[in-house]
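Chain residues, written in single-letter form:
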Amino acid sequence: MKTDAFALRHIGPRESDQQHMFKTIGVTDMTQLLYETFPDGIRLKNDLQLDPAMTEYEYLTHISQLGAKNKVFKSYIGLGYHPAIVPPVIQRNIFENPGWYTAYTPYQAEIAQGRLEALLNYQTTVIELSGMEIANASLLDEGTAAAEAMALLFDVRTRDQKKNNANKFFVSEEILPQTLSVLETRSTPIGIELVVGNHETFDFSEDFFGAILQYPGKYGQVYDYAGFISTAKSKEIKVAVAADILSLVKLTSPGEMGADVVVGTSQRFGIPMGYGGPHAAFFATKEEYKRSMPGRIIGVSQDVNGNRALRMALQTREQHIKREKATSNICTAQVLLAVMAGMYAVYHGPKGLQYIADKVHASAVTTAKALSSIGINQANTAFFDTILVHADAAKVRTIAEKNEVNFFYPDNKSVSISFNETTSIADINLIIAIFAEATGKESVNVSDASTEVHLSEQSIRTSTFLQHDVFNSHHSESQLMRYIKKLERKDLSLNHSMISLGSCTMKLNAAAEMLPLSMPNWNSIHPFAPADQAQGYLTMLKKLEQQLNVVTGFAGTSLQPNSGAQGEYAGLMAIRAYHISRNEGHRNVCLIPSSAHGTNPASAAMAGMKIIVTKTTPEGNIDVEDLRARAIEHKDDLSCLMVTYPSTHGVYESSIIEITKLIHDNGGLVYMDGANMNAQVGLTNPATIGADVCHLNLHKTFAIPHGGGGPGVGPICVNEKLVPFLPTNPIVATGGDKAITAVSAAPYGSALVCLISYGYISMLGAEGLRSATEHAILNANYMKARLEEHFPILYTGECGRAAHEMIVDCREFKQNGIEVTDIAKRLMDYGFHAPTVSFPVAGTLMIEPTESEDLGELDRFCDALISIRKEIAQASAEDVNNPLKNAPHTLAMLTAETWDLPYSREKAAYPLDYIAENKFWPSVRRVDDAFGDRNLICSCAPIEAYMEH
Ligand SMILES: *Cc1c(COP(=O)(O)O)cnc(C)c1O
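Residues numbered from 1 in each chain as written. Predicted model: local features only at pLDDT ≥ 70, side-chain atom pairs only at ≥ 80, totals over all residues. Heavy atoms only, no water.

**Regarding the packing of aromatic side chains**
Note the threshold: Aromatic pairs are defined between Phe, Tyr and Trp rings, using the six-membered ring for Trp, whenever the two ring centres lie within 6.5 Å; interplanar angles under 30 degrees are classed as stacked, those over 60 as edge-to-face, and all others as tilted. Helix and strand labels come from DSSP, where a helix needs a run of H or I of at least four residues and a strand needs a run of E of at least two; each type is numbered from the N terminus. Remark: exposure states derive from per-residue accessible area (1.4 Å probe, protein chains only) relative to the maximum for the residue type, with buried under 20%, exposed over 50%, and partly exposed in between.
Summed over all chains, the structure comprises 31 aromatic pairs. Plain terms: the ring middles of Phe169 and Phe209 are 5.5 Å apart, the flat faces sit at 25° to each other, and that makes the pair stacked. Residue Phe169 is found in strand β3 (residues 168–172), and its partner Phe209 is found in strand β5 (residues 208–215); the two are separated by 40 residues along the sequence. For Phe169, a relative accessible area of 0% gives the class buried.

**Section: the domain arrangement of the protein chain**
The figure often quoted for interface size is the accessible area lost as the parts come together. To keep it simple, the criterion reads: Just so you know, the domain bounds were taken from an automatic or database domain assignment. The contact criterion used throughout is that any non-hydrogen atoms of two residues lie within 4.5 Å. Each of two parts loses accessible area, computed with a 1.4 Å probe, when they are put together; buried area is these two losses added.
When its domains are assigned, the protein chain resolves into domain 1 (105–345), domain 2 (556–749) and domain 3 (768–933). Computed over C-alpha atoms only, the centres of domain 2 and domain 3 are separated by 33 Å. Counting residues at the interface gives 21 residues for domain 2 and 21 residues for domain 3. For the pairing of domain 2 and domain 3, the buried interface totals around 1500 Å² over both sides, and the portion due to carbon and sulfur atoms is 62%.

**Quick word on the sheet that holds strand β23 (residues 806–809)**
Convention followed: Strand pairing requires that DSSP identify at least two bridges connecting the strands. To get an axis, a line is fitted to the C-alpha atoms, and for a helix only the part in contact is used. The angle between two axes follows their N-to-C directions and goes from 0 to 180 degrees.
Pairing is antiparallel across the open sheet formed by four strands, whose spatial order is β22-β23-β25-β24. Looking at which strands have only one partner, the edges of the open sheet turn out to be β22 (793–794) and β24 (836–837). Relative to β23, β22 is paired through two bridges, and the arrangement is antiparallel. The residue of β23 that forms the bridge with Leu794 is Ile807. Those strands touched by helix α23 (residues 751–787) are β22, β23 and β25 (844–847), and its axis lies near 20° from that of β23.

**Here we look at the UniProt feature "modified residue: N6-(pyridoxal phosphate)lysine" (unreviewed entry) in the protein chain**
Note the following rule: UniProt positions are given in the numbering used here, feature names are shortened, and annotations may be inferred rather than shown by experiment.
Per the UniProt entry, the sites bearing "modified residue: N6-(pyridoxal phosphate)lysine" (unreviewed entry) are Lys700 in this numbering. Along the polypeptide, Lys700 turns up in the loop between β20 (693–696) and β21 (716–718). Of the residues examined, Lys700 reaches a relative accessible area of 11% and is grouped as buried. With near-sequence residues (within four places) excluded, Lys700 lies in contact with Ser503, Cys504, Thr505, Lys507, Ala675 and His706.

**Comments concerning the pairing of strand β18 (residues 638–644)**
What counts, and what does not: Call a crossover right-handed when, viewed with both strands pointing away from you, the route from the first strand across the helix to the second goes clockwise.
Burial within β18 is extensive, with seven of its seven residues counted as buried. Bridge count for β18 against strand β19 (residues 669–674) is five bridges, and the pairing is parallel. Opposite Cys640, over in β19, you have Leu669 as the bridge partner. Between the parallel pair β18 and β19, the chain is carried across by helix α21 (residues 656–665), and the sense of this crossover is right-handed.

**Regarding the site of the ligand**
Under the convention used in this document: Being near a molecule or strand, for a residue, comes down to having at least one heavy atom within 4 Å of it. Pairing of N or O atoms within 3.5 Å defines a polar contact, subject to two protein rules: one partner must be a possible hydrogen donor and the other a possible acceptor, and residues neighboring in sequence count only if both atoms are side-chain atoms. Surface exposure here means Shrake-Rupley accessible area, sampled with a 1.4 Å probe, where a residue is shielded only by the protein chains that are shown. Following the grouping adopted for this structure description, the nonpolar residues are Ala, Val, Leu, Ile, Met, Phe, Trp, Tyr, Cys and Pro, the charged ones are Asp, Glu, Lys and Arg, and the polar ones are all others, Gly among them.
Surrounding the ligand, one finds 14 residues, the nearest of these being Thr332, Ser503, Gly564, Asp673 and Lys700. Between the ligand and Ala565 there is a distance of 2.8 Å, counted from an oxygen atom to a backbone nitrogen or oxygen. At a separation of 2.8 Å, an oxygen atom of the ligand approaches a polar side-chain atom of Lys700. Out of a free accessible area of 380 Å², the ligand has 98% covered by protein chains. Ranked by residues supplied to the shell around the ligand, first place goes to helix α18 (residues 564–581) with three residues. Grouping the constituent residues of the shell around the ligand by class yields three nonpolar, eight polar and three charged.

**Here we look at the side chain of Ser459**
Topologically, Ser459 is positioned in the loop between α13 (425–439) and α14 (477–489). Given the relative accessible area of 3%, Ser459 is considered buried. When residues no more than four places from it in sequence are discounted, the contact partners of Ser459 are Tyr215, Val222, Lys250, Leu251 and Thr252.

Here it is as structure tokens:
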């Protein structure tokens, strides 16, 4: 046996554990288990055709060699992406720390107070810099955030009678090109007409419901938008502003100019460019729009003792729960990157940010002045960080690239230069020398940065920001390191215990997969850098696309979507384009089984489809007869079916081939939601079951960490029919020859973290991937075998087997006064994060152990649930003073002078033996969600600040 095989590191159960596991399940071996679990007709005949597996050492050697093919030039390209300094203390303690990157979305607030606080800091930073009232805890990128702003303004337009029928949206020609492309994609299917033009000559007519402006403009000009916004307001036209976050330190905020929504990216707050992502986009708006706001909002509430506690606010309004009435499908966001950007603001504080913004401005001014002194003029009358020089672009480019410098060239007579935090005087002198050479002038040498300000009086910010303690306390490394650790300790992540979230696939995020993200050759490339500087990336991305083609059995892949839900949207838009290309554009009916994840109908609504929900049988399967009836009824207008496989109930439906054929026979295509791909890889694939397109959640099945709720990567894989329609990008062409416009800002989405999935597949190889799937099934069925004597297990396959996850029914415990939430909270006392609560069935837990958990951990989790089951038996509806209702128990409770509960302290906090040596203490008692929603506070300004009004 090769003991250095990565599969042995990734997969939990040891070979010596298997007999015991098989025996518990009641099978003789893996072959029998798979036979009883997996429908025969869809089984792949051969192993996946992939390169031989690499060891961790081989992979790291390979990836640094490939990284050497990326050339790190000085980047002044701008357009929403800038070199940024990741403070080393943040890089080491957050970015490279599994305590932060392996956490899940903070639904279980009591064991997530750390990242909730970090996200509250992020929201506060956004609120104060943008001058708005509320902000969310991140969106996917600036382009999609701008589209969300458009969708919000479209949604709220009906609050004003006059605008009921308005469908035009004005887009300033100063908008970033990739943002425009995403706006085009998102506007068309929902009936919005984009009008692109000059904001200074815009005629404010009644059929416009909204407008979006870029601040500063794409090549750096700073406009005062106050006049535009106030005229728009008088015509009931709402205004969104896409703003550069660093510029807001120096510039009058859009909020102060009257904007309704402010969006942008927080990349330059200490996040590497990573060839396009991941980076957190921000979204801020007015209080009155809070219920239409996309994404997740962190709010302040209290626990049962009245102590301050944070949690995700307005959860029941989460967009994808609105299903077909949704205006957004955002689920996974960019939490880890938002945490880092918020921490950058904490570290630098208002003074530090001011210093950085001044320095960036000074670089731009110094360069502009030096160039002008040798007769080379630039066009921006007011600017923050970007100047626009008129010169022979081709000549400049040749000399610049020889000197390892990238500018942006809007046309053959212009050069745009964006300065950043890393720019030095030496860099400025090199830029001047490049222009001098290109224009045949004598160069000059500058030795000091200019202190002049090239902004008009009205544009200069006078309001203060980030006055709160947290932004004025942690400026030494010791202080910040300890603050980060203090928050980390409040959160339960995969480095403490298993997180068995059904559908979310919380598997190992191996260190060898993560290390390359810190390599400068991978993380310092601008997404619009010339292709010859990104050969390492292009090779890696192409290989990953090929690997995913092999895994899914499909012909083409787009890595552009930044989450599973964005993948759904991209796939549906490709289907839409396919029908249009065949003159069947009227096909717009999307069939969705009632058991589908909420993002499915939300994405279909955004793609302009008419949603028909089909029935589920009492066994949890798709009701094939109902589906047949609906497919036939709508056969003239059928666009597609969205189906999750194995189903969200964790069952391999044996009728899947019949189902996909039925849709094809009625003129539709099949979209497979690939969130459960962990139960397919190497055993079957979407092509085999008859799907035409699927998305994959690389942050579930392919080892990208969840980061506390993002980043995500949601590539779509498609068959030959759909390859031509894969999405493109306006600056770096990607996708098919009839490509749809962009679904994300960056050409390859979050390219940096694609390295993780590439590493995962390369190190597991065909056999390892199949073995991972088999062990995911083994682990789930082992847990099922242990738990089913104590709990009803819902929906199993025909032989009574689960797939890779199972649903534990907790509804009958209501008679003892116990809700599923009580079990979720009690698990915290046992050192575990709850499984998925109430999805896809209310009142249940969905457990997915994944292949990465070993037998010992599976047993501890089962022991915990079985012990809780005994506690439930002792609970009664009349007496709520029991360990379940009081859970979680905090250290403060246990060490208090008095203890007056009818059970012991030991029973409260150490109910089983294993807990003692690895106790996890929830930092607050049970959080009151309703209180927080009634008193929505989503910044860390002192509470008194809100009590005045
Ligand atoms: C996670 C999930 C999604 C959404 O994926 P995101 O990456 O969070 O957008 C969609 N469908 C199912 C079944 C899922 O589990």
